[in-house]
Amino acid sequence: MLGPAVSAHFNQLLRLDTNGPEEGSRTPLFGLDAEALRERMVEIGEPRWRGQQLAEAMYRQRVADLEAISTFPKTLRGRVRELGWVIERPEIIEEFVSNDGTERYLVRCLASGGAAQTVETVWMPEGDGGEVGDGSEAGRGEVAGGAQADREHRDEEWQRATICVSSQAGCAVNCQFCLTAKLGLQRSLTPGEIAGQAVSVLDRHQVAIGKDRVNLVFMGMGEPFLNYDNWMSAVRLLVNEVGISPQRMTVSTSGIVPGIERFAEEPAAVRPKLAISLNAPNDDVRSDLMPINRKWSIEAVIDAVRKVQLRPRERLTFEYVLLHGVTDQLQHAREVARLVRRSGLPAKVNLIAWNPGPGIAYGMPQADAIERFRRALAAEDVPVYIRRPRGRDIYAACGQLKRTIEAGKNA
Ligand code: SAH
Ligand code: SF4
């Protein structure tokens, strides 16, 4: 368990014990879709298209300051300000840069009336070694499968990048190997806070939507399907207002069956791809690692997943965290292969070497165990990728916020 000094440091990182800027009667507009913004404008006697201009400014041009909305006359900016309407979005307040190009940000979220909360967002140039689930080839310098050392590349150029977004501050699901779990659930994020992480990072890297290849993964802190409505509103904003294709997004769930069932009802036009955190070869092991499995077993999860109508060539992703001696043995690989094949689902498996953290008594898998596992799946014709460890030096794997403690201490 955490010592008091570490806890204090951690709380400070999360800004749990500090208040955000004075909220007063501030009404955040970031997070409202174009239609809601048009209505706002009509309410104050402005033409509807002013709402459209506002949406364009916030979501396409990524303007975060009212004064910088060039399409608004000065008088209108003044009125909006007097009403206490603000267009700020979640703000990057700290940045850690890895020698492999990965950048991890602490992003401060300010919900209206809510306490300031900090979450983690990650930028991974050159993709992610396969976990995106889009079936596309790995980026340059990556090999699908096979252990490979991180390449040093500090160049500014990137051909493809992935942004890992958080859906909650902390998480209630309590997976035993997960660092975010140790936080418990602090609060769910609003649609603007979820979409805003992506927009802030897109802005940071001057990404041109429609031109640059960017993927979003909802694999940061939290369980998206336990914050379903807000998460899905954020997805709609990112698709409809920001302009990112849902086929460039992947959501990962620990297996929240009612969430998966709702997800299955979403129209393909706004539905991201789906990843399931399997993490174990059978229910016994999975229930030990992920208590949620006692509520929804592997079979219940797979049954729910079958309801999702995959697009042509779309594949489901099973994420599988390798824990030394616990889930990385050869017989586990064979069980996983059988499980995936029996499911009849078009699926691939992403192997993730467990990232260690303080207070969690598991071991990292050895390189040869990872490779043996991969080969055993491949031998059974199960598509398998090894997720390249990213930003090890800055503790930047998604969902690894707890590592921040050490990063902070070492900084
Ligand atoms: N709550 C969702 C999404 C966030 S976790 C979920 O569980 O799917 C994203 C992924 O990180 C999950 O597949 C999870 O199993 C994995 N993960 C969690 N802790 C990890 C760790 N310490 N090392 C490696 N992967 C981890
Ligand atoms: Fe929550 Fe996912 Fe971590 Fe489990 S693995 S505790 S669901 S963030």
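On a predicted model such as this, the values are computed, not experimentally measured, just so you know.

A. Just the nonpolar core, in detail. Residues Trp231, Leu274, Phe318 and Val349 are the most contacted members of the largest nonpolar core, which totals 108 residues. The leading source of residues in this core is helix α6 (residues 228–242), at nine residues. Ignoring anything within four residues of it in the chain, the contact list for leucine 274 reads Phe225, Thr250, Val251, Thr253, Ile260, Phe263, Val305, Val308, Glu314, Leu316 and Thr317. Core analysis: the next-biggest nonpolar cluster, separate from the first, contains six residues, Val122, Met124, Cys164 and Val217 among them.

B. Highlighting the site of ligand 1. Around ligand 1, the surrounding shell holds 18 residues, and the nearest of these are Gly222, Ser252, Ser277, Asn279 and Asn355. Between ligand 1 and phenylalanine 177 there is a distance of 3.3 Å, counted from a nitrogen atom to a backbone nitrogen or oxygen. For ligand 1, an oxygen atom lies 2.6 Å from a polar atom in the side chain of serine 252. If ligand 1 stood free it would expose 530 Å²; the protein chains cover 95% of that surface. Elements with a contribution of two residues or more to the shell around ligand 1: β10 (249–253), β12 (316–322) and β13 (347–353). Considering only residue class, the shell around ligand 1 consists of seven nonpolar, nine polar and two charged.

C. A look at the sheet that holds strand β11 (residues 273–277). Taken together, 10 strands build an open sheet; the order of strands is β3-β4-β5-β6-β9-β10-β11-β12-β13-β14 and the sheet is mixed. Each end of this open sheet is capped by a strand with a single partner; those strands are β3 (91–97) and β14 (384–386). Each neighbouring strand pair of the sheet contributes to a mean axis angle of 25°, computed without reference to strand direction. Relative to strand β5 (residues 117–125), strand β4 (residues 103–109) runs antiparallel, the two being bridged by seven bridges. Bridging from a neighbouring strand, arginine 108 pairs with threonine 118 of β5.

D. Representation of the pattern of salt bridges. Tallied over the full model, the rule gives 21 salt bridges. The partner of glutamate 67 in a salt bridge is arginine 81, and the shortest N-O contact between them spans 2.1 Å. One end of the pair, glutamate 67, is in the loop between α3 (49–60) and α4 (74–82); the other, arginine 81, is in helix α4, with 14 residues separating them in the sequence. According to the relative accessible area criterion, glutamate 67 is partly exposed, its value standing at 37%. Taking the shortest distance from any N to any O, the salt bridge between arginine 311 and glutamate 314 comes out at 2.8 Å. With a relative accessible area of 9%, glutamate 314 lands in the buried category.

Conventions adopted
- Residues numbered from 1 in each chain as written.
- Chains lettered and ligands numbered in written order.
- Predicted model: local features only at pLDDT ≥ 70, side-chain atom pairs only at ≥ 80, totals over all residues.
- Heavy atoms only, no water.
- Core = buried A, V, L, I, M, F, W, Y, C linked by side-chain atoms within 4.5 Å.
- Buried < 20%, exposed > 50% of the residue type's maximum accessible area, 1.4 Å probe, protein only.
- Helix = DSSP H or I, 4+ residues; strand = E, 2+ residues; numbered from the N terminus.
- Contact = heavy atoms within 4.5 Å.
- Near = heavy atom within 4 Å.
- Polar contact = N/O pair within 3.5 Å; in protein donor to acceptor, adjacent residues only side chain to side chain.
- Areas by Shrake-Rupley, 256 points an atom, 1.4 Å probe, with all protein chains shown as cover.
- Nonpolar A, V, L, I, M, F, W, Y, C, P; charged D, E, K, R; others polar.
- Pairing = 2+ DSSP bridges.
- Axes fitted to C-alpha atoms, helices over the stretch in contact; angles between N-to-C directions.
- Salt bridge = Lys/Arg side-chain N within 4 Å of Asp/Glu carboxyl O.

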